[in-house]
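If you want the building blocks of each chain, they are given just below.
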Amino acid sequence: MNETTVCVVGNVATRPAYRELATGPSARFRLAVTARYWDRERNVWTDGHTNFFTVWANRQLAVNVAACVEVGQPVVVQGRLKVRTEVQGQQQWASADIDAVAIGHDLSRGMAFFQRAVKPEAPPTASRPEPNWETPRPTEPQDEQRGRDGQEQQEQGAGEGGAEAQEQRAAAVT
């Protein structure tokens, strides 16, 4: 929660290095951020001190950085700032890294054309039959009664039809 979020504008100083890791794609590049100020004595813009950041991108952002970002391009980077200090031999040095959340071209200094990234299709899964979510319709008591009445009438008709047939046969015999 107590992270330092920064937004820096600078130029890409090194070619993005892309790697496929076990945790997913990763890319990194160095970003040069130079402060500029107006020199009143000479009436010109003057470059100040240049800070260098190592920008880290992961997952889909890394794939897009590797495809789109080139040395010298102006970019805007937003992410979490991480400052590391290390000692090598008798020298101590510090490194400022940015774990990028978003990276884009600086449109105040040029043009870019956006193209939505195409996600690879997921491999097809084994097809399973769709479950039948419909519940059976409850039978109504009236329908049951009608069904019984109809069945009784058919049985009676069959019985009467049978009796009439017997009488006709008896009359034919006599």
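If you're wondering where the values come from, they're calculated on a predicted model, not measured in any experiment.

S.K.: Residue-level account of the overall build of the chain, with values.
M.R.: Broken down by element type, the chain carries 2 helices and 6 strands. Going from N to C terminus, the chain has its helices and strands arranged as β-β-β-β-α-β-β-α. Across the 174 residues that make up the chain, the buried fraction comes to 21%. Sequence separation of 24 or more characterises 55% of the internal contacts of the chain that already satisfy a separation of 6 or more. Surface summary for the chain: the accessible area is close to 14,600 Å², and the carbon and sulfur share equals 51%.

S.K.: Would you mind going over the pattern of salt bridges in detail, with residue names and values included?
M.R.: Per the counting criterion, the structure on display carries 7 salt bridges. The closest approach of N and O atoms between Glu3 and Arg80, which form a salt bridge, is 4.0 Å. Remark: Arg80 occurs in strand E5 (residues 74–88) and Glu3 occurs in the segment before strand E1 (4–12); sequence separation between them is 77 residues. The shortest N-O distance in the salt bridge between Asp106 and Arg109 comes to 3.2 Å.

S.K.: Kindly report on the packing of aromatic side chains, identifying the contributing residues and their values.
M.R.: We describe a pair of aromatic rings using the distance from one ring centre to the other and the angle between the two ring planes. Applying the stated rule across the entire model yields 1 aromatic pair. Their ring planes at 70° and their centres at 5.6 Å tell us that Trp38 and Trp45 sit as a pair that is edge-to-face.

S.K.: Describe the pairing of strand E4 (residues 44–58), naming the residues involved and giving the relevant values.
M.R.: Regular strands have side chains that alternate between both faces of the sheet. Here 13 bridges tie strand E3 (residues 24–39) to E4, and the two strands are oriented antiparallel to one another. Bridge pairing in E4 links Val33 to Asn51. Here E3 folds back onto E4, and the loop between the two strands holds 4 residues, one of which, Asn43, carries a positive phi near 55°. One ladder, built from 3 bridges, connects E4 with strand E6 (residues 91–105); its direction is parallel. Bridge assignment links Val55 to a residue of E6, and that residue is Ile98.

S.K.: So what about the side chain of Thr46? Which residues, and what values?
M.R.: Inspection of the secondary structure assignment puts Thr46 in strand E4. Here the side chain of Thr46 touches Arg42 through a polar contact of 3.3 Å, side chain to side chain. In this structure, Thr46 is in contact with Ala35, Arg36, Tyr37 and Asp39, ignoring residues within four places of it in sequence.

S.K.: With reference to specific residues and values, describe helix H1 (residues 59–68).
M.R.: All of the buried residues in H1 are Leu61, Ala62 and Val65. The buried residues of H1 occupy an angular sector of 100° when the element is viewed end-on, so they sit on one face. Every exposed residue of H1 that faces more than 90 degrees away from the buried side is listed here: Arg59 and Ala67. Where H1 is buried, its residues meet strand E2 (17–21), E3, E4 and E6.

S.K.: So what's going on with the environment of Thr14? Residues and values would help.
M.R.: Relative to the helices and strands, Thr14 resides in the loop between E1 and E2. The class of Thr14 is partly exposed, set by a relative accessible area of 33%. With 16 residues separating them in the primary sequence, Thr14 and Arg30 have C-alpha atoms 5.3 Å apart.

S.K.: Give a description of unusual backbone geometry that names residues and reports values.
M.R.: If you check the backbone angles, Asn43 has positive phi at about 55° while not being a glycine. Mapped onto the elements, Asn43 comes out in the loop between E3 and E4. The class of Asn43 is exposed, set by a relative accessible area of 52%. Phi at Arg59 is positive, roughly 55°, even though this residue is not glycine. Within the element layout of this structure, Arg59 appears in helix H1.

Conventions used here
- Residues numbered from 1 in each chain as written.
- Predicted model: local features only at pLDDT ≥ 70, side-chain atom pairs only at ≥ 80, totals over all residues.
- Heavy atoms only, no water.
- Helix = DSSP H or I, 4+ residues; strand = E, 2+ residues; numbered from the N terminus.
- Buried < 20%, exposed > 50% of the residue type's maximum accessible area, 1.4 Å probe, protein only.
- Contact = heavy atoms within 4.5 Å.
- Areas by Shrake-Rupley, 256 points an atom, 1.4 Å probe, with all protein chains shown as cover.
- Salt bridge = Lys/Arg side-chain N within 4 Å of Asp/Glu carboxyl O.
- Phe/Tyr/Trp six-rings, centres within 6.5 Å; stacked < 30°, edge-to-face > 60°.
- Pairing = 2+ DSSP bridges.
- Polar contact = N/O pair within 3.5 Å; in protein donor to acceptor, adjacent residues only side chain to side chain.
- Arc of directions from axis to C-beta.

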